[in-house]
Amino acid sequence: MAPRIGVVVFPGSNCEHDVVQGVEAAGAEGVLLWHGDTQLGAVDAVVLPGGFAHGDYLRPGALARFSPVMEAVADFARAGGPVIGICNGFQVLTEAGLLPGALQKNGRLRFLCEPVRLVVVSTASVLTSTSMVGDELVIPINHFSGNYTCDAETLLRLQSEDRIVLRYADNPNGSIDAIAGIANEAGNVVGLMPHPERATSALLGSEDGLVLLRSLVAATATKVN
């Protein structure tokens, strides 16, 4: 039986169907979950997709963190369930306190929409477990507030605990330590700004996103009945 990966839809999300297609290309079944639901149902992983949740009012992710589904997402994460936040989803995870730090406006205040080269820094996460440290992946970004920042103590902890999972080869947005993706202490919650679901076919310019999505599918194996 293929694992079921739930993709949360907030008002303003616009990448949910891309994620469903991406996880299905990686061998899973993608199912949409509404932000107003209080339970996740029978899913083996959860993805918070990109877009503009609640119109990015106040700041990206600031309102989405209060959506009813987020309590269920937090419970799922605390129980060890794989949770991924992509772009706006990463912003939601930081606002919800499921990942440290914050995402601020890009350096030079430019919206960026382009393929970037990523380097796998750690395989100790549900998104990189089947890759190798040093692997280079070409995956697009599409954001205005993707500049990851945190205080010096948090950065040292991320570095020393092997929780930086992806770095930009050529830092496009000014993120501290060229960070493109981080994980929580257990490695089951990951946030990243690049969009792996947009790099799942040669027709899209790259299949490298499947490296990450297949890791996510593999991470659900112990949860599949």
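Quick caveat: nothing in here was measured; it's all calculated off a predicted structure.

Reading guide: rules and limits
- Residues numbered from 1 in each chain as written.
- Predicted model: local features only at pLDDT ≥ 70, side-chain atom pairs only at ≥ 80, totals over all residues.
- Heavy atoms only, no water.
- Pairing = 2+ DSSP bridges.
- Helix = DSSP H or I, 4+ residues; strand = E, 2+ residues; numbered from the N terminus.
- Right-handed = clockwise from strand over helix to strand, strands pointing away.
- Buried < 20%, exposed > 50% of the residue type's maximum accessible area, 1.4 Å probe, protein only.
- Axes fitted to C-alpha atoms, helices over the stretch in contact; angles between N-to-C directions.
- Contact = heavy atoms within 4.5 Å.

### Things to note about the pairing of strand E2 (residues 29–34)
Stage number 1. Alignment of strand E1 (residues 4–9) against E2, held across 6 bridges, turns out to be parallel. Bridge pairing in E2 places Arg4 opposite Glu29.
Stage number 2. Taken together, E1, helix H1 (residues 16–25) and E2 constitute a β-α-β crossover, and its handedness is right-handed.

### What about unusual backbone geometry?
Stage number 1. In this structure, His54 takes a positive phi of about 55° despite not being glycine.
Stage number 2. In the Ramachandran plot, Arg108 falls in the positive-phi region, its phi being about 65° despite a non-glycine side chain.
Stage number 3. Checked against the element boundaries, Arg108 lands in the loop between strand E5 (102–104) and strand E6 (112–120).
Stage number 4. Relative accessible area serves as the criterion here: at 70%, Arg108 is assigned to the exposed category.

### Considering the sheet that holds strand E11 (residues 189–192)
Stage number 1. With mixed pairing, 9 strands are arranged side by side in an open sheet as E2-E1-E3-E4-E11-E10-E9-E6-E7. Either end of the sheet is taken by a strand with one partner, and the two such strands are E2 and strand E7 (136–143). Each adjacent strand pair in this sheet contributes to an overall mean axis angle of 25°, direction not counted.
Stage number 2. Relative to strand E10 (residues 179–183), strand E9 (residues 164–168) is paired through 3 bridges, and the arrangement is antiparallel. Note on E10: the bridge partner recorded for Ile164 is Ile182.
Stage number 3. Lying on the sheet, H1 is in contact with E1, E2, strand E3 (45–48) and strand E4 (83–86); it crosses E2 at an angle near 155°.
Stage number 4. The sheet contacts of helix H4 (residues 152–160) involve E9 and E10, and relative to E10 the element is tilted by about 75°.

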